[in-house]
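# Tertiary structure, described
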Amino acid sequence: MNISEKAMLVALSISAWSGRKYDKQASAEIAQNHGTDASRAGRFNKLLVNPTSLKDIASIAGNARNYTMLSTLPWLNDGVRIIPVDIYLEYSQKMSEYKSQFNQAVDKLAIEYNAIVNQARLDLNGLFKESDYPSVDSIRHKHAFSVRVFNLPDSGDFRVALSESEFQSTKQEIEQNLNEATDNAVRDVFQRMSMRMEHMIKRLKDAEANDGKGIRESMMKNICELSDILPKLNITSNPDIDGIAFQIKNELANISSDDLRENQGARIAAAQSARDILNKVSSYI
């Protein structure tokens, strides 16, 4: 199957000011105070501003990265991911929302920046150095949020001046990379199932030993998200993925966390379903 027709490549890139700085002088003083060599004492990295000042930006960036990992499949180890065509519109809209939130948070930081630096002057006292702090314009430029989209390579559709032997070699290499990427994508889907089922089995076991306590809303939310996303991630139309996804949705996703906390029978049935699914998935990993 040619997955080039069912998926694209996407790369999310987010950069942000860390608000941290290596202080060479402070590092040397720490080493001296403890009577050790500076190379052995480590590096003292100070917090230039109160971390809460950067919390919103970090939170939005984390949410965007998490959503990208949920909605995409592995491609190469360079930050580029495979995204099914059926998911792309929803993903693009969500990324647009995150980018807007990110830019608003950066604007807020820029507006408050001088006051934040003045507070740092008081908080850091002798550790404060004016030269550690970029200008407001520099702070803005240190933040960026972008999503790039590419077509998946297709061995049957590239136009370059190659000899016949070079053409066949290049075509074979592209096909090999696509096959490897397809295998990795399928394996990733099964690994997601396995991880969620293992987590659920453990939580249910712990809850059974504590009369239903310890069941969290987040566990069932993750199960519901999994059942919804699996069919969309099935870019190879693998019937086993569809079958297991249906089982998760039919047997687990419709159970509430309250049912699991209060009903031992529900816990036993859910644990059995999770073990059954885990057994099916294990042979594919």
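Residues numbered from 1 in each chain as written. Predicted model: local features only at pLDDT ≥ 70, side-chain atom pairs only at ≥ 80, totals over all residues. Heavy atoms only, no water.

### Structural notes on the packing of aromatic side chains
One pass over the structure, following the stated rule, counts six aromatic pairs. Where Phe128 meets Tyr133, the ring centres are 5.0 Å apart and the plane angle is 25°; that geometry is what we call stacked. Each member of the pair Phe128 and Tyr133 is classed as buried. Residues Phe190 and Tyr284 carry aromatic rings whose centres are separated by 4.2 Å and whose planes lie at 5° to one another, so their mutual orientation is stacked. Here Phe190, found in helix 6 (residues 164-208), pairs with Tyr284, found in the segment after helix 10 (264-282); they are 94 residues apart in sequence, far enough to count as distant. An aromatic cluster is built from Tyr67, Tyr91 and Tyr98, whose rings are joined through pairwise contacts. (Phe/Tyr/Trp six-rings, centres within 6.5 Å; stacked < 30°, edge-to-face > 60°. Buried < 20%, exposed > 50% of the residue type's maximum accessible area, 1.4 Å probe, protein only. Helix = DSSP H or I, 4+ residues; strand = E, 2+ residues; numbered from the N terminus.)

### What to know about the environment of Arg140
Assignment of secondary structure puts Arg140 in helix 5 (residues 136-141). With 124 residues separating them in the primary sequence, Arg140 and Ala16 have C-alpha atoms 9.0 Å apart. Not counting residues within four places of it along the chain, the set of residues in contact with Arg140 comprises Val106, Asp107 and Ala110. (Contact = heavy atoms within 4.5 Å.)

### Brief notes about helix 4 (residues 85-124)
Taking 1.5 Å per residue, 40 residues should reach 58 Å; helix 4 reaches only 50 Å between its end C-alpha atoms and comes up short. Along helix 4, the helix axis deviates most sharply at Tyr113, where the bend reaches about 55°. Immediately beyond the C-terminal end of helix 4, within one or two residues, lies Asn125, with a positive phi of roughly 55°. (Expected span 1.5 Å × (residues − 1). Bend = angle between axes of the 7 residues up to and from the residue.)

### Things to note about the layout of surface pockets
One number sums up the size of the largest pocket: a volume of about 290 Å³. In terms of lining, the largest pocket is formed by Asn66, Met69, Leu70, Arg192, Met195, Arg196, Lys221, Asn222, Glu225 and Leu226. Of all elements in the fold, only helix 3 (55-71), helix 6 and helix 7 (217-233) reach the threshold of two or more residues within the lining of the largest pocket. Here the element with the most residues in the lining of the largest pocket is helix 7; it accounts for four residues. Here the residues of the lining of the largest pocket sort into four nonpolar, two polar and four charged. (1 Å grid on protein atoms, 1.4 Å probe; cavity = no way out; pocket = protein on both sides within 12 Å on 5 of 7 lines; lining within 4 Å. Points joined across faces, edges and corners; volume = space filled by probe spheres on them. Nonpolar A, V, L, I, M, F, W, Y, C, P; charged D, E, K, R; others polar.)

### Some details on unusual backbone geometry
The phi angle at Asn125 is positive, at roughly 55°, despite the residue not being glycine. When you line up the elements, Asn125 lands in the loop between helix 4 and helix 5. Of note, Ser237 is a non-glycine position whose phi angle comes to about 55°, a positive value. For Ser237, the location among the structural elements is in the loop between helix 7 and helix 8 (239-251). Since its relative accessible area comes to 39%, Ser237 is described here as partly exposed.

### A look at the packing of helix 8 against helix 10
Closest axis-to-axis distance for the helix 8/helix 10 pair is 11 Å, and the angle between their directions is 170°. Considered as vectors, helix 8 and helix 10 are oriented roughly antiparallel to each other. Contacts between helix 8 and helix 10 pair Ile244, Gln247, Ile248 and Glu251 from the former with Ser273, Asp276, Ile277, Lys280 and Val281 from the latter. Looking at the contact of helix 8 with helix 10 residue by residue, the classes come out as four nonpolar, two polar and three charged. (Axes fitted to C-alpha atoms, helices over the stretch in contact; angles between N-to-C directions. Parallel < 35°, antiparallel > 145°, perpendicular 65-115°, else oblique.)

### A look at helix 7
Its 17 residues give helix 7 an end-to-end C-alpha distance of 24 Å, which sits within 8% of 24 Å, the value for a rise of 1.5 Å per residue. Listed in full, the buried residues belonging to helix 7 are Met219, Met220, Ile223, Leu226, Ser227, Ile229, Leu230 and Leu233.

### Quick notes on the pairing of strand 5 (residues 80-84)
Within strand 5, five of the five residues are buried, leaving the element largely enclosed by the surrounding structure. Two strands pair when backbone bridges link them, and strand 1 (residues 7-15) and strand 5 are joined in this way by five bridges, in the antiparallel orientation. Residue pairing for strand 5: Met8 is matched across the bridge by Ile83. (Pairing = 2+ DSSP bridges.)

These figures capture arrangement, not role.
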